[in-house]
Amino acid sequence: MRHDTYDCNKGCPVEATLEVMGGKWKGAILYHLLDKPHRFGELKRIMQNITQHMLTKQLRELEASGLVHREVFPEVPPRVEYSVTEEGESLRDIVMQMREWGLKHLQKNKD
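Residues numbered from 1 in each chain as written. Predicted model: local features only at pLDDT ≥ 70, side-chain atom pairs only at ≥ 80, totals over all residues. Heavy atoms only, no water.

The subject of this paragraph is the pattern of salt bridges. Side-chain pairing between opposite charges can occur once the charged atoms of the two side chains come close. Under the criterion given, the structure shown has 6 salt bridges. In this structure, a network of salt bridges that share partners links the residues K26, K57 and E61. (Salt bridge = Lys/Arg side-chain N within 4 Å of Asp/Glu carboxyl O.)

Now for the sheet that holds strand 2 (residues 68–73). Strands pair in a sheet through their backbones, by hydrogen bonds, and they do so in one of two ways: parallel or antiparallel. In space, the 3 strands of this open sheet follow the order 1-3-2, with antiparallel pairing throughout. On the outer flanks of this sheet lie strand 1 (38–39) and strand 2, each paired with one strand and no other. (Pairing = 2+ DSSP bridges. Helix = DSSP H or I, 4+ residues; strand = E, 2+ residues; numbered from the N terminus.)

What follows deals with the packing of helix 2 (residues 26–35) against helix 6 (residues 92–110). Where helix 2 meets helix 6, the axes come as close as 10 Å, and the angle between the chain directions of the two elements is 110°. By the angle class used here, helix 2 and helix 6 are roughly perpendicular. With respect to the hand of their crossing, helix 2 and helix 6 are arranged in left-handed fashion. On helix 6, the residues touching G27, L30, Y31 and L34 of helix 2 are R92, V95, M96 and R99. Looking at the contact of helix 2 with helix 6 residue by residue, the class counts come to 5 nonpolar, 1 polar and 2 charged. (Axes fitted to C-alpha atoms, helices over the stretch in contact; angles between N-to-C directions. Parallel < 35°, antiparallel > 145°, perpendicular 65-115°, else oblique. Left-handed = near helix turned anticlockwise from the far one by under 90°. Contact = heavy atoms within 4.5 Å. Nonpolar A, V, L, I, M, F, W, Y, C, P; charged D, E, K, R; others polar.)

Turning our eyes to something else, we now look at the nonpolar core. I29, L30, L33 and L59 are the most contacted members of the largest nonpolar core, which totals 19 residues. Those elements that provide at least two residues to this core are helix 2, helix 4 (52–64) and strand 3 (79–84). Sort the elements by how many residues they give to this core and helix 2 lands first, with 4 residues. (Core = buried A, V, L, I, M, F, W, Y, C linked by side-chain atoms within 4.5 Å. Buried < 20%, exposed > 50% of the residue type's maximum accessible area, 1.4 Å probe, protein only.)

Right, let's talk about the pairing of strand 2 for a bit. By the bridge criterion, 6 bridges tie strand 2 to strand 3 in an arrangement that is antiparallel. If you follow F73 over to strand 3, its bridge partner there is R79. Joining the antiparallel neighbours strand 2 and strand 3 is a turn of 5 residues.

This next bit is on the environment of E42. Secondary-structure assignment places E42 in helix 3 (residues 40–46). On the basis of relative accessible area, E42 is assigned to the partly exposed category, the value being 28%. Separated by 10 residues in the primary sequence, E42 and H32 have C-alpha atoms spaced 10.0 Å apart. Of the polar contacts made by the side chain of E42, one reaches the side chain of H38; its length is 3.4 Å. (Polar contact = N/O pair within 3.5 Å; in protein donor to acceptor, adjacent residues only side chain to side chain.)

Note that every value here comes from positions in space, so none of it alone points to a role or purpose.
So this is what it looks like as structure tokens:
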């Protein structure tokens, strides 16, 4: 449930961050869009385990949060590209640190 304010405790900024980019897929979507803009089909191919419905939902939420920009090109058939906004770009360091932690975690679990 989205909050209008976060004036509860010292952990609230973390809660606010996770509310905007939390969940299984948003971080991964941002990771791929930080590389370059992608069309919906490209993201779906890259992220093989996400359903079309969930990808649509997560992209809409990221767009509503101001982290992702959706651009529709006036072509036939219409072409839609997703890219990170300046606000989304501000999460680059966090997303890349999550990637590095994930790589270490996966390697640790292999050993």
